[in-house]
Amino acid sequence: MGHGGESRRTQAFDGELGDAVARAQQGDEAAFAVAYRLVQPGLLAYVRGLVGADAEDVMSDAWLEIARDLGRFKGDGAGFRGWTATIARHRALDHLRRQRVRPRASALEQDVLELPAPHSTHDQAMEAMSTEQALALVGGLPRDQAEAVLLRVVVGLDGPAAARVLGKRPGAVRTAAHRGLRRLARQLAADGVTDEAPRTLGEST
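In this text, all values refer to a predicted model and were calculated from it rather than measured experimentally. (Residues numbered from 1 in each chain as written. Predicted model: local features only at pLDDT ≥ 70, side-chain atom pairs only at ≥ 80, totals over all residues. Heavy atoms only, no water.)

1. Considering the overall build of the protein chain
Moving on, step 1. Helix and strand counts for the protein chain come out as nine helices and zero strands.
Moving on, step 2. Helices and strands appear in the protein chain in the N-to-C order α-α-α-α-α-α-α-α-α.
Moving on, step 3. Expressed as a percentage of the 205 residues in the protein chain, the buried residues total 45%.
Moving on, step 4. Total accessible area on the protein chain is roughly 10,400 Å²; 49% of this is exposed by carbon and sulfur atoms. (Helix = DSSP H or I, 4+ residues; strand = E, 2+ residues; numbered from the N terminus. Buried < 20%, exposed > 50% of the residue type's maximum accessible area, 1.4 Å probe, protein only. Areas by Shrake-Rupley, 256 points an atom, 1.4 Å probe, with all protein chains shown as cover.)

This is the structure:
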């Protein structure tokens, strides 16, 4: 599927999310539950890439902060995804500091940006993997590449939003995402997940 379908799905998702957040800010608890349901899976997967088995505990702390500060949030559904990802990342890094452990070399750090072109090897590769397979492979990337790919593919942030979460320049984010996706494509090709050779990010079939 090309970018048009992807864009429409994202717009619908963010429209529903933005509406839920607006109602939650007015005190609608059911709407807050909807917002939680929409963003929690991606956030949990992202944080799991940072802290491993402690992800659920970290996300519990993150959601306490999200609920506490919800009234201060200003923005739409896409903005809410970026805002919650920033909070989740801060809680994950706090957790790692408390443990006096640096994020795993096989885990992550920063960067993400543009989607590959329609029907690219990278799209097909990601679609061919289960969530567990994806996290296992992404966890084998260098930190900067891994966190970039997780923010873009799992959390669903666009490049500028991912750069804001990570406190990096979009160009650095672009580079890390580019390298991470190429490396994943090569690995998937070697494992037989896709029968096409990897190609440069953005090159269509």
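2. Description of the environment of Pro-160
Moving on, step 1. Mapped onto the elements, Pro-160 comes out in helix 8 (residues 159-166).
Moving on, step 2. Assessed through its relative accessible area of 40%, Pro-160 is described here as partly exposed.
Moving on, step 3. Taking the C-alpha atoms as reference points, Pro-160 and Val-173, separated by 13 residues in sequence, lie 8.5 Å from one another.

3. Section: the packing of aromatic side chains
Moving on, step 1. In total, this model carries five aromatic pairs according to the counting rule given.
Moving on, step 2. Between Phe-73 and Phe-80, the aromatic rings sit 5.5 Å apart at their centres with planes inclined by 80°, giving edge-to-face as the arrangement. Grouping residues by exposure puts Phe-73 and Phe-80 together as buried.
Moving on, step 3. Grouping aromatic residues by their ring pairs yields a cluster made of Phe-32, Tyr-36 and Trp-63. (Phe/Tyr/Trp six-rings, centres within 6.5 Å; stacked < 30°, edge-to-face > 60°.)

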